[in-house]
Number of protein chains: 2
Amino acid sequence: MTEAQLLRVVLDGLAPAVRPGHWPPGTVAPGDDAALVPAPRGGTLVSTDAMGEGTDFLHRWPAGVRTRGHDAGWKAVAQNLSDVNAMGGTASALVTALTLPPTTPLAWVRSFAAGVVGAVDRLGAPGCRVAGGDLGTGERVHAAVTVLGDPHPAGVLCRAPAPAARERVLAEGADLVHAQDAPGSSGAARSGALRPSAARPGPGWAAAGLALLLTDRDELARRAAALPPEDRPGARDLARAVRAQLRPRPPLALGPAAVEAGILTLMDVSDGLGRDAHRMAAATGAAASAEAPPPVPWIDAAWLAEAAAPLRGVAALAGVSAESLVTGGGEDYGLLGLAWPETVLPAGFVRIGRLEPAGAPAPAGHRELPEAGWDPFGG
Amino acid sequence: MTEAQLLRVVLDGLAPAVRPGHWPPGTVAPGDDAALVPAPRGGTLVSTDAMGEGTDFLHRWPAGVRTRGHDAGWKAVAQNLSDVNAMGGTASALVTALTLPPTTPLAWVRSFAAGVVGAVDRLGAPGCRVAGGDLGTGERVHAAVTVLGDPHPAGVLCRAPAPAARERVLAEGADLVHAQDAPGSSGAARSGALRPSAARPGPGWAAAGLALLLTDRDELARRAAALPPEDRPGARDLARAVRAQLRPRPPLALGPAAVEAGILTLMDVSDGLGRDAHRMAAATGAAASAEAPPPVPWIDAAWLAEAAAPLRGVAALAGVSAESLVTGGGEDYGLLGLAWPETVLPAGFVRIGRLEPAGAPAPAGHRELPEAGWDPFGG
């Protein structure tokens with residue numbers, strides 16, 4: 001198979017993403033040295049994230065589940081769309097550098113392209129153009145996606161508050177807010193109700209899925225048999241955890257909504273609530289002074305218990321605690337931010353804790369949020 | 001080592017690229033979910049290219065040469081800067097997704113960062129911001145770079161001529177033009193003279209370098225001994241070929257110059273003059289009619305002989321013909337385009353052939369340009 005033939009398969013798979021008006025006069029669609037995408041507002045957001053077989057996913061997991069091309073394409077795109085969302089922006093284009101072993105079945109490549117298109121379409125990024133890519137060979141599948149985005153006209157949301165809000169955050173603290181689901185923009189809405197089981201899985205589910213996927217199938221069966229029947233997770237919860245890991249669903253409407261609502265800082269939760277909240281605290285502190293101790297994130301104990309409760313079954317099967325999944329589990333791609341107590345949050349956001357000045361006492365009903373989280377370099 | 005520690009090493013290495021004014025108010029430097037780079041002219045060029053150990057480079061080549069981190073970082077960046085140049089644009093930012101085996105020496109990572117900075121600086125891309133990246137682990141080194149660029153205010157140069165020029169190109173043909181060196185913007189200029197030995201190596205040198213690098217050191221010595229002394233390449237030519245492969249030098253001033261001069265089409269030569277000229281011919285034909293046979297590229301026999309002559313020695317040692325290196329060798333990152341016979345070319349560009357309507361007779365002194373070139377999928 002020549003590169004031209006392989007490219008044809010990929011381009012055919014991406015065809016549904018090429019809609020009229022996506023490439024207006026004056027732009028250049030993929031196929032040239034570079035694509036030319038519109039950047040209407042004077043600035044372009046850019047972020048890149050790569051995913052490698054053997055490190056970030058396995059074709060066949062010890063639990064017996066396969067990663068389809070569709071899953072890999074979906075996740076590679078979803079985690080990048082999430083980065084633009086977390087700046088309060090809207091994705092305008094993405095490019096993919098895809099490395100494939102020569103033995104990769106064509107069906108897998110077609111499925112990968114369908115996953116790219118599926119994520120753009122079903123996560124709600126209609127303005128995101130697939131603006132080209134690069135194909136190469138290697139021993140393992142590797143997908144590096146770069147996404148461009150248009151910033152919201154009202155501004156971008158960084159990990160540290162803008163200078164105008166910084167003094168008050170450092171003096172008074174701020175509410176820690178979180179969003180996982182976007183009512184009206186997701187499968188939950190399509191199904192007509194926002195029942196918990198229809199909503200996107202919350203913090204910890206993707207990490208539970210990873211723990212399950214990495215456990216040998218027979219071992220999972222042994223563990224399930226050893227659990228009291230009332231603690232055994234149902235098939236629906238197992239599928240939900242695995243799906244949260246393989247097909248993350250960042251709430252793309254909520255980044256721009258956060259800008260409009262006056263939320264102060266925003267980031268996506270890719271390495272766990274605790275680690276990412278401490279990063280936000282460190283960025284907030286460093287923006288004011290490199291020497292002073294950074295503010296401290298606290299988690300609302302009632303919220304934590306509520307988020308952990310539905311995870312009990314899968315956590316027991318995975319051999320970890322449900323609460324550590326919520327505070328330490330990564331790859332959820334929800335949104336974490338700071339807001340004033342008086343700010344009216346957009347639908348989908350909830351208050352989950354507080355950021356307090358270093359040395360301030362624990363807010364009532366709160367626990368310190370541990371920093372533990374995922375580090376790909378094992379540190 | 002934690003990700004934070006490794007990141008520190010990379011960021012320290014990139015520090016020379018962070019200059020005052022690069023991140024003006026309203027932009028966001030790397031370190032957040034995404035960077036926000038200025039896009040002053042309403043559109044953004046975007047392109048991505050990846051490089052993998054084992055496929056695109058070897059840490060230690062059979063010829064005994066090592067690929068330093070500096071070489072890998074330089075080339076990953078150079079081939080991307082070349083894509084923006086080939087659209088007539090100016091690079092504004094780049095991001096890198098870098099995958100490293102856990103055993104990679106820190107010195108190699110530092111050297112990679114220095115290569116990124118070195119290419120941006122010494123190839124002449126002062127406006128190109130290093131806008132972030134992604135670090136991951138894997139079995140092999142893999143670097144996927146995405147570059148953004150500002151289009152020239154006067155327009156972009158694609159592989160097919162703009163509609164206004166298309167009819168005349170199809171009826172009358174056009175001159176095939178090529179640029180490898182930019183007088184006044186390169187090491188050649190710094191050395192004070194544009195002697196051939198000081199100029200950037202022309203088409204075929206990078207492919208010669210690859211052929212030499214892939215040949216066992218002892219075999220190279222045997223072959224050299226078997227050559228008549230007058231055919232044996234000198235050490236300077238060997239170093240030049242290897243350097244052309246490991247450290248390509250796209251002429252970044254010449255893309256924008258081509259727009260200003262009224263050149264009609266432009267692309268960078270990454271897969272060989274012949275293959276890329278046929279791609280340009282096919283794009284030109286397809287833009288007018290999907291059924292009619294595309295126009296045909298012809299190469300000036302005198303130019304070809306002149307380009308091949310200095311390659312005789314390294315070609316003999318590599319066991320290939322010098323002319324096939326010139327017409328089929330890839331990774332030179334020169335510029336190939338079409339121009340009217342009456343167009344005054346910018347310094348650095350030369351006329352190397354003709355594009356003629358299908359069925360037209362051979363232009364005097366020209367040979368058909370074979371399509372042979374490099375295909376990573378071996379087709």
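A quick note: this is a predicted structure, and the numbers were derived from the prediction, not measured.

Rules used in this analysis
- Residues numbered from 1 in each chain as written.
- Chains lettered and ligands numbered in written order.
- Predicted model: local features only at pLDDT ≥ 70, side-chain atom pairs only at ≥ 80, totals over all residues.
- Heavy atoms only, no water.
- UniProt positions renumbered as here; feature names shortened; annotations may be inferred.
- Helix = DSSP H or I, 4+ residues; strand = E, 2+ residues; numbered from the N terminus.
- Contact = heavy atoms within 4.5 Å.
- Buried area = accessible area lost by both parts, 1.4 Å probe.
- Salt bridge = Lys/Arg side-chain N within 4 Å of Asp/Glu carboxyl O.
- Polar contact = N/O pair within 3.5 Å; in protein donor to acceptor, adjacent residues only side chain to side chain.
- Phe/Tyr/Trp six-rings, centres within 6.5 Å; stacked < 30°, edge-to-face > 60°.
- Buried < 20%, exposed > 50% of the residue type's maximum accessible area, 1.4 Å probe, protein only.
- Lys NZ or Arg CZ within 6 Å of the ring centre and 35° of its normal.
- Least-squares fit on C-alpha atoms with pLDDT ≥ 70 in both.
- pLDDT = per-residue confidence, 0-100.
- Pairing = 2+ DSSP bridges.
- Axes fitted to C-alpha atoms, helices over the stretch in contact; angles between N-to-C directions.

Describing the UniProt feature "binding site: Mg(2+) 1" (unreviewed entry) in chain A
Part 1 of the argument: UniProt's entry tags Thr48(A), Asp49(A) and Asp134(A) with the feature "binding site: Mg(2+) 1" (unreviewed entry), counted in the numbering of this structure.
Part 2 of the argument: Its location among the elements puts Thr48(A) in strand β2 (residues 43-52).
Part 3 of the argument: Among residues more than four places away in sequence, those in contact with Thr48(A) are Asn80(A), Val145(A), Thr146(A), Val95(B), Thr96(B), Ala97(B), Gly133(B) and Asp134(B).
Part 4 of the argument: Mapping Asp49(A) onto the fold places it in strand β2.
Part 5 of the argument: Not counting residues within four places of it along the chain, the set of residues in contact with Asp49(A) comprises Gln79(A), Asn80(A), Asp83(A), Ala143(A), Ala144(A), Val145(A) and Asp134(B).

With respect to the interface of chain B and chain A
By a frequent convention, interface size equals the accessible area lost on bringing the separate parts together.
Part 1 of the argument: Taken residue by residue, the interface counts 57 residues in chain B and 57 residues in chain A.
Part 2 of the argument: Together chain B and chain A conceal approximately 4,600 Å² of surface at their shared face, both sides included; 58% is due to carbon and sulfur atoms.
Part 3 of the argument: Between the two partners, chain B and chain A, sit five salt bridges.
Part 4 of the argument: Between the two partners, chain B and chain A, sit 19 residue pairs in polar contact (both at pLDDT 80 or more).
Part 5 of the argument: For the side of chain B that touches chain A, the secondary structure elements donating two or more residues are α1 (3-14), β1 (35-38), β2 (43-52), β3 (90-100), β4 (129-137), β5 (142-150) and β7 (265-268) of chain B.
Part 6 of the argument: Counting residues per element, the side of chain B that touches chain A draws most heavily on β2(B), which supplies eight residues.

Observations concerning the packing of aromatic side chains
Part 1 of the argument: Scanning all chains against the criterion turns up two aromatic pairs over all chains.
Part 2 of the argument: Ring centres of Trp108(A) and Phe112(A) lie 6.0 Å apart, and the angle between their planes is 25 degrees; on these two criteria the pair is classed as stacked. On the criterion of helical spacing, the pair formed by Trp108(A) and Phe112(A) is a turn pair, its members being four residues apart in helix α3 (residues 106-122). Taken individually, Trp108(A) and Phe112(A) each receive the classification buried, so the pair is uniform in this respect.
Part 3 of the argument: It is Arg168(B) that lies over the ring of Trp340(B); its NZ or CZ is 3.9 Å from the centre.
Part 4 of the argument: Taking the ring centre of Trp205(B) as reference, the NZ or CZ of Arg240(B) above it sits at 4.9 Å.

Some words on the relation of the copies chain B and chain A
Part 1 of the argument: Once chain B is rotated about the relating axis by 180 degrees and shifted along it by 0.0 Å, it coincides with chain A to within an RMSD of 0.0 Å. As the rotation angle and translation indicate, the two copies are arranged about a two-fold axis.
Part 2 of the argument: The residues that chain B uses at the interface reappear at the interface of chain A in 100% of cases, marking a shared surface.

Examining the side chain of His152(B)
Residue and element names in this part refer to chain B.
Part 1 of the argument: When you line up the elements, His-152 lands in the loop between β5 and α4 (163-172).
Part 2 of the argument: There is a polar contact of 3.0 Å between the side chain of His-152 and the backbone nitrogen of Ala-154.
Part 3 of the argument: Every residue in contact with His-152, bar those within four places of it in the chain, is listed here: Gly-88, Gly-89, Pro-256, Val-259 and Glu-260.

With respect to the confidence of the model for chain A
Residue and element names in this part refer to chain A.
Part 1 of the argument: Residues of chain A with pLDDT of at least 70 account for 91%, and the chain-wide mean is 88.
Part 2 of the argument: Per-element averaging of pLDDT across chain A places helix α5 (residues 187-190) at the bottom with 38 and strand β6 (residues 174-179) at the top with 98.
Part 3 of the argument: Contacts for the low-pLDDT stretch residues 184-198, under 50 throughout, to residues beyond four places or in other chains number 21 contacts.
Part 4 of the argument: In the predicted structure, residues 375-379 sits below a pLDDT of 50 and forms 14 contacts with residues beyond four places in sequence or in another chain.

Focus: the sheet that holds β7(B)
All names here are of chain B.
Part 1 of the argument: Across the sheet, which stays open at both edges, the six strands sit in the order β7-β9-β6-β10-β8-β11 with antiparallel pairing between neighbours. The sheet terminates laterally at β7 and β11 (366-368), the two strands that pair on one side only. The mean inter-strand angle of the sheet, taken between neighbouring strand axes irrespective of direction, is 30 degrees.
Part 2 of the argument: By the bridge criterion, four bridges tie β7 to strand β9 (residues 335-339) in an arrangement that is antiparallel. Bridge assignment links Asp-268 to a residue of β9, and that residue is Leu-335.
Part 3 of the argument: Contacts between α4 and the sheet are confined to β6 (174-179), β9 and β10 (349-356), with β10 contributing the most and set at about 75 degrees to the helix.

Remarks on unusual backbone geometry
Apart from glycine, the bulk of residues carry a negative phi angle, and the bulk of peptide bonds sit in the trans form.
Part 1 of the argument: The phi angle at Glu331(A) is positive, at roughly 65 degrees, despite the residue not being glycine.
Part 2 of the argument: A relative accessible area of 19% means that Glu331(A) is categorised as buried.
Part 3 of the argument: For Tyr333(B), which is not a glycine, the phi torsion comes out positive at approximately 60 degrees.
Part 4 of the argument: Within the secondary structure, Tyr333(B) is located in the loop between α13 (322-328) and β9.
Part 5 of the argument: A relative accessible area of 5% places Tyr333(B) in the buried class.

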